[in-house]
Every structure is written in structure tokens, then in C-alpha cells.
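Observations on the model geometry
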Amino acid sequence: AGVGEELFFRGVLQRLFIKIFKNPWAGILVTAFIFSAIHLQFYGFIPRFILGILLGLLYWYSGSLWPSIIAHFVYDAFAVVMIWFNPALAEQDSVTVSLGNQTLLAAISLTLVIIMVILMKKRSTNSYEAVYARDKIDDSNPFA
């Protein structure tokens, strides 16, 4: 799933939406929204939307699909391994982690993600102008 979804969502849709909006953030957010919505899981919408944003940022700042493909694969593999060792995690009604632990894990995760995005942004040389200048954008046709 990681390869196919990343090729479609980041490699095609995200590039298209960034080109249409002429803004990387707008393209990343719209693509992440569609990525989450297409999975048709109401309770997982927000976490999957955030994952879509992170994968979009990873692609944008790295300039390559490979980091987002690898991250998507690792995320999916981690979920499969966790469910293999604890099948109750697959049930939507099961709550196996206490609220205090969830808050702590969420805070740690948020901190690490913020640090990762800041470091990626500092090291990135990508800009809208640099990436799309060679495409010679025709404003009358966003699909050109």
C-alpha cells in the first residue's frame, strides 16, 4: 500500500494541487484530506489526515518520493506487527492504553514530529519556484 498510495497521492495528486494552488501547503493539506477521506474510516480520519500531512511534508522537503514511501511502509508495518501481538487493537471499541499514557505518548510524538519537520525545513532547498519553474506553467490549464 505504501508504494501505490504514495505514488498516487504524493507523486500525482500533491504535485497537481501544489501546481493548481501555487502553494505547497495548500496542495499538501488538500491531498492529505483526500488521502484520509478515501480510506472511509470516520474514527481514523484525523490521525490519517495528520499522517497525510507528514508524508506530504516529507515528500516536499526531501524532493523525493522514497522517504515518504519508506515512512508509509514503516507506519503500516508497525500497525500490522502491533495487531499481530495484540489482536484486540484491531477492534474499534477496545481501549488498551490509559488516558494518561495516551497523553504522554501523544506529547512525545508531537514533540518529535515538530523537531523532525523543523529540521527537514531547515535542510530543504525546495521552493515552489525551483520545483515548478521547469514545468512552464500555463495559468489557463492547471493540468498542462
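Preceding this paragraph is the structure being described.
Residues numbered from 1 in each chain as written. Predicted model: local features only at pLDDT ≥ 70, side-chain atom pairs only at ≥ 80, totals over all residues. Heavy atoms only, no water.

Notes on the overall build of the protein
For clarity, the cut-off: In this description a helix means any DSSP run of H or I spanning at least four residues, a strand means any run of E spanning at least two, and both kinds are numbered starting from the N terminus. Relative accessibility under 20% of the residue-type maximum defines a buried residue, over 50% an exposed one, and the middle range a partly exposed one, all with a 1.4 Å probe and only protein chains included. Residue contacts are counted whenever heavy atoms from the two residues lie within 4.5 Å of one another. Note that accessible areas follow from Shrake-Rupley with a 1.4 Å probe, and for residues the cover is restricted to the protein chains shown.
A tally of regular secondary structure across the protein gives six helices and zero strands. Starting at the N terminus and ending at the C terminus, the protein contains elements arranged as α-α-α-α-α-α. By residue count, 27% of the 144 residues in the protein fall in the buried class. A separation threshold of at least 6 residues defines the contact pool for the protein, and within that pool the share at least 24 residues apart is 61%. A total of about 9,700 Å² of accessible surface is found on the protein, and carbon and sulfur atoms cover 70% of it.

A short note on helix H4 (residues 65-85)
Operational definition: Here a helix's expected span is defined as the number of its residues, less one, multiplied by 1.5 Å. It is the directions from the helix axis to the C-beta atoms that the arc portrays.
Taking 1.5 Å as the rise per residue, H4 with 21 residues should run 30 Å; its terminal C-alpha atoms sit 30 Å apart, in good agreement. When H4 is considered as a whole, its buried residues turn out to be Leu65, Ser68, Ile69 and His72. Down the axis, H4 shows its buried residues gathered within 105° of arc, on one side only. Those residues of H4 that are exposed and angled more than 90 degrees off the buried face are Trp66, Phe78, Trp84 and Phe85. Buried residues along H4 sit against helix H1 (2-21), helix H2 (24-37) and helix H3 (45-62).

Function cannot be read off these values alone, since they describe shape.
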